[in-house]
Amino acid sequence: RRVLSDLSSGINAEYGEVGVKNRRIIIGNVSKYIPADQRDKMSDQFTYKWLLYVRTPPGQPPIETFVSKVVFKLDPSYIPNDIIELTEAPFEVRRRGWGEFPVQVKLFFANQEKEIDITHQLNLDTTFSGVQTPGAETVSLLFLSPSQPSSALNYCC
């Protein structure tokens, strides 16, 4: 994971607009392999449980202070439940599945008609340990301006 603290003040100073706020968010996932003898007979093909989340790092303002809604677009194999809209924290989705895929995450901001699309790669446990395992994290540095469209710099893992 890259540390962004050295970047935030320089980027904000270059941006130059009064009132611009930098906010860091993390889109990530954890997963757990389900051994064959512990799988539900109705969903035997689902070999993993996973949790996808959008949050702020420790020490940052809570995400609900600037994000009003998150929309997750999952793999088409989840149709008709592939689009999940959450309007309050925690912004988390729990599912069962069998494979990795890119997730489209759309962030909507409080008191603004702006949105940002970010892609996160859902990574599953490759150890087959049956223990909850961290997947990937996509860290984004957001620039929230009262008068300009929001922008983001993305860093992965």
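Here, residues in each chain are numbered from 1, in the same order as that chain's written sequence. With the structure being a predicted model, the display of local features is reserved for residues of pLDDT at least 70 and the display and counting of side-chain atom pairs for 80 or more, all residues being used for whole-chain, interface and lining totals. Only hydrogens and water are removed before side-chain values are computed, so all heavy atoms of the structure are retained for them.

Structural notes on the overall build of the protein chain
If you tally the helices and strands in the protein chain, you get 1 helix and 9 strands. Elements are defined by DSSP. Helices are runs of H or I of four residues or more, strands are runs of E of two residues or more, and each kind is numbered from the N terminus. Taken from the N to the C terminus, the helices and strands of the protein chain come in the order α-β-β-β-β-β-β-β-β-β. It only takes one pair of heavy atoms within 4.5 Å for two residues to be counted as in contact. Within the protein chain, contacts between residues at least 6 apart in sequence are counted, and of these 60% link residues at least 24 apart. On the protein chain, roughly 8,900 Å² of surface is accessible, and the fraction owed to carbon and sulfur atoms is 51%. The accessible surface values rely on the Shrake-Rupley method and a 1.4 Å probe; as for residues, cover is taken only from the protein chains in view.

Focus: the nonpolar core
Here, the term nonpolar core denotes a set of buried Ala, Val, Leu, Ile, Met, Phe, Trp, Tyr and Cys residues that are joined through side-chain atoms within 4.5 Å. A simple rule labels every residue: compare its accessible area, found with a 1.4 Å probe on the protein chains alone, to the largest value its type can have, and call it buried under 20%, exposed over 50%, or partly exposed in between. By size, the foremost hydrophobic cluster in this structure holds 29 residues, and its most contacted members are I25, W50, L52, V54, F72, L74 and L107. At 5 residues, strand 6 (residues 101–109) tops the list of elements feeding residues into this core. Dropping the residues within four chain positions of it, I25 is found in contact with V54, R55, T56, I63, F66, L107, I118, T138, V139, S140 and L142.

Considering the sheet that holds strand 7 (residues 115–122)
Sheet architecture is open: 4 strands sit in the order 4-3-6-7, paired in antiparallel fashion. Every interior strand has two partners, whereas the edge strands, strand 4 (83–86) and strand 7, have only one. Ignoring strand direction, the axes of neighbouring strands in this sheet form an average angle of 20°. In terms of strand pairing, strand 6 meets strand 7 through 8 bridges, oriented antiparallel. Following the sheet pairing, V105 is matched in strand 7 by I118. In this analysis, strands are considered paired if DSSP registers two or more bridges between them. All axes here are fitted lines through C-alpha atoms, helices being fitted over the stretch that makes contact, and every angle between N-to-C directions spans 0 to 180 degrees.

Observations concerning the environment of F109
Locating F109 in the fold gives a position in strand 6. Between the alpha carbons of F109 and V67 there is a distance of 4.3 Å; along the sequence they are 42 residues apart.

Details of the side chain of T133
With respect to the helices and strands, the residue T133 is situated in strand 8 (residues 133–144). Sequence-distant contacts of T133, defined by excluding residues within four places in its chain, comprise V30, S31, D125 and T127.

A few points about the packing of aromatic side chains
Here is the rule: rings of Phe, Tyr and Trp (six-membered ring for Trp) pair when centre to centre is within 6.5 Å. Planes less than 30 degrees apart are stacked, more than 60 are edge-to-face, and the remainder are tilted. This structure, assessed with the given rule, holds 5 aromatic pairs. Geometrically, the ring pair formed by W50 and F101 is edge-to-face, given 6.1 Å between the ring centres and 70° between the ring planes. Taken together, the positions of W50 in strand 2 (residues 48–55) and F101 in strand 6 put the pair 51 residues apart, joining distant regions of the chain. Its relative accessible area of 3% is what places W50 among the buried residues.

Re the confidence of the model for the protein chain
pLDDT expresses, on a scale from 0 to 100, how confident the predictor is about each individual residue. Averaged over all residues, the pLDDT of the protein chain is 81; the fraction at 70 or higher stands at 78%. Least confident of the elements in the protein chain is helix 1 (residues 5–15), whose mean pLDDT is 36; most confident is strand 4, at 98. Segment residues 1–17: pLDDT under 50, and 29 contacts once partners within four positions in sequence are set aside and those in other chains are kept.

With respect to the pattern of salt bridges
Salt bridge criterion: a side-chain nitrogen from Lys or Arg within 4 Å of a carboxyl oxygen from Asp or Glu. Within this structure, the stated rule accounts for 5 salt bridges. A salt bridge links E115 to K106; the nearest nitrogen and oxygen atoms lie 3.1 Å apart. K106 sits in the partly exposed class, given a relative accessible area of 25%. Of the charged contacts, one joins D117 and K106 as a salt bridge, the two residues approaching to 3.8 Å between their closest N and O atoms. On the criterion of sequence distance, the pair formed by D117 in strand 7 and K106 in strand 6 is long-range, its members being 11 residues apart. Three or more residues joined by partner-sharing salt bridges are found here, namely R55, E92 and R94.

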